[in-house]
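Here is how the chains run, residue by residue.
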Amino acid sequence: MAHIAFDQRWDKVKKEFEAITGKHKPKESKGIFNAFGSYTGLSKSLKSCETAYQQCDTTNSTDAKAGQSAVKAYGAAFKDFAKAKKSYVTVLEKAIYDEFVKREEKDAKSAYERALKFLMKELDALESTIEASVGMYTTKFDQAAKDQSTEEKMLKNWEKNINGALARAAAGVAKVKAKPVPETYNELFPTLARDITMQLVFARKIDNLKAEPDFFKKKLDPWANQSGTGLPVKVPEDYTAKQIMDLMKEFSTVCKGVVQLVNTR
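What counts as what
Residue numbers run consecutively from 1 along every chain, following the written order of its sequence. Two thresholds apply to this predicted model, a pLDDT of at least 70 for residue-level local features and 80 or more for giving and counting side-chain atom pairs, whereas whole-chain, interface and lining totals are computed over all residues. Computation of side-chain values covers all heavy atoms of the structure but excludes hydrogens and water. Under the DSSP-based scheme used, a helix requires at least four consecutive residues in state H or I and a strand at least two consecutive residues in state E, with every element numbered from the N terminus. Note that the radius of gyration is over C-alpha atoms, with the globule rule given as 2.2 Å times the number of residues to the power 0.38. Only protein chains enter the accessibility calculation, which uses a 1.4 Å probe; a residue is then buried when its area is under 20% of its type maximum, exposed when over 50%, and partly exposed in between. Contact between two residues is taken to exist if any of their heavy atoms lie within 4.5 Å; hydrogens are not considered. The protein chains shown are the only cover counted for residues, whose accessible areas, like all others here, come from Shrake-Rupley with a 1.4 Å probe. His is not counted here, nor are the chain ends, while Lys and Arg score as positive and Asp and Glu score as negative. Each charge is placed at NZ for Lys, CZ for Arg, CG for Asp and CD for Glu. Only buried residues count toward a nonpolar core, which is a set of Ala, Val, Leu, Ile, Met, Phe, Trp, Tyr and Cys residues joined through side-chain atoms within 4.5 Å. For a helix, the expected span equals 1.5 Å multiplied by the number of residues minus one. A carboxyl oxygen of Asp or Glu within 4 Å of a side-chain nitrogen of Lys or Arg is what we treat as a salt bridge. Two joining distances apply to patches: 9 Å for like charges and 5 Å for nonpolar side chains (Val, Leu, Ile, Met, Phe, Trp, Tyr), and every residue must have over 30% relative accessible area and no salt bridge.

**Student:** For this particular structure, what's the right way to read the overall build of the protein?
**Tutor:** Scanning the protein from terminus to terminus reveals nine helices and zero strands. Along the protein, helices and strands appear, N-terminal first, in the series α-α-α-α-α-α-α-α-α. At 33 Å, the protein has a C-alpha radius of gyration far larger than the 18 Å of a compact globule built from 265 residues. When the backbone C-alpha atoms are referred to their principal axes, the protein occupies close to 100 × 40 × 20 Å. Out of the 265 residues in the protein, the part that is buried amounts to 40%. Within the protein, contacts between residues separated by at least 24 positions form 75% of all contacts whose residues are at least 6 apart in sequence. With an accessible surface of roughly 16,000 Å², the protein has 53% of that area assigned to carbon and sulfur atoms. When the 45 basic and 36 acidic side-chain charges of the protein are each reduced to a single mean position, those positions are 4 Å apart.

**Student:** Would you explain the nonpolar core in this entry?
**Tutor:** In summary, soluble globular proteins display a tendency toward joint burial of nonpolar side chains. Membership of the largest hydrophobic core comes to 35 residues, with the highest contact counts inside it found for Phe6, Trp10, Tyr74, Phe81, Tyr88 and Ile130. Looking at this core, the elements that each hand over two or more residues are α1 (6-21), α2 (42-58), α3 (64-101) and α4 (111-156). A per-element tally of this core places α3 first, with 13 residues. Beyond its immediate chain neighbours, meaning those up to four positions away, Phe81 contacts Leu42, Ser45, Leu46, Cys49, Leu123, Leu126, Glu127 and Ile130. By size, the runner-up hydrophobic cluster in this structure holds 33 residues, among which are Ala169, Val173, Phe202 and Trp223.

**Student:** Looking at this structure, how should I read unusual backbone geometry?
**Tutor:** Negative phi is the rule for most residues except glycine; trans is the rule for most peptide bonds. Across the junction of Phe189 and Pro190, the peptide omega takes the value 15 degrees, indicating a cis bond. Here Pro190 lies in the loop between α6 (182-188) and α7 (191-202). Across the junction of Leu231 and Pro232, the peptide omega takes the value -5 degrees, indicating a cis bond. Mapped onto the secondary structure, Pro232 falls in the loop between α8 (213-224) and α9 (241-263).

**Student:** Please explain α7 as it appears in this structure.
**Tutor:** At 3.6 residues per turn, the α-helix brings residues three or four places apart onto the same side. If you check α7, its first and last C-alpha atoms are 17 Å apart, about what twelve residues at 1.5 Å a residue would give, namely 16 Å. Residues of α7 that are buried include every one of Leu192, Ala193, Asp195, Ile196, Thr197, Gln199, Leu200 and Phe202, and no others.

**Student:** Teacher, can you tell me more about the pattern of salt bridges here?
**Tutor:** A side chain with one charge can pair with a side chain of the opposite charge if their charged atoms come near. With the rule as written, the count across this model stands at 13 salt bridges. Lys94 serves as the salt-bridge partner of Asp98, at 2.8 Å between the closest nitrogen and oxygen. One end of the pair, Asp98, and the other, Lys94, are both in helix α3, four residues apart, so they sit about a helical turn from each other. Each member of the salt-bridge network shares a partner with another, and the members are Lys85, Asp124 and Glu127.

**Student:** Please explain a nonpolar patch on the surface as it appears in this structure.
**Tutor:** A cluster of nonpolar side chains, contributed by Tyr97, Phe100 and Val101, occupies part of the molecular surface with about 320 Å² of accessible area. Locating Phe100 in the fold gives a position in helix α3.

In structure tokens, the structure reads:
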């Protein structure tokens, strides 16, 4: 459902109230007797909620810092609305009670009393909607912060991680060379290549690299394709030792290029 501005929703409700009753809604002032009280600021608080909502909605989902700042402002605006709403509900409850005592028959509710209860229900609905929205954006940007933190850790440890992936690849190549049969080869791929290509993706954000990470990633992609069922991800059972060794030679050449990429940083 398309979003309708919170303050516009309340304006629409007020117009419906006037259409039903032919009267204005009770004044937005505090106090049991609805007199000499201060203005609740209900409409103003809804406008603030809408402004904060729009800020959350237009903030890039990956910008955790800006998102959390926007959510904080949204939460503060919601608290102001909840406070204003609570004050105005007191006004409505007093008006409903006044209508109740005027009833000539116990179950004969006036149109005005029904409309007052309609206002209360709509305010409850607005409060629930805004509260849920604040919760949704809080979760969204908290997750963005966690993802960002994970990425920062990965970048910080990038050299260690890619060297580890290259070492595992070297050990795997040695294992295949010692026993160049399809079973040994298929046991190791695509994992060996995938671990390196994952680090090459992170390398896009690494400063001072002397070569383009995507150049080597593209070279390794045929071995890293997890959905692949054919060469070079997997080899058929009748593949010869020479054919397997040729694949290992090609794979090793690309890995050596990645090693140079790391060493020339």
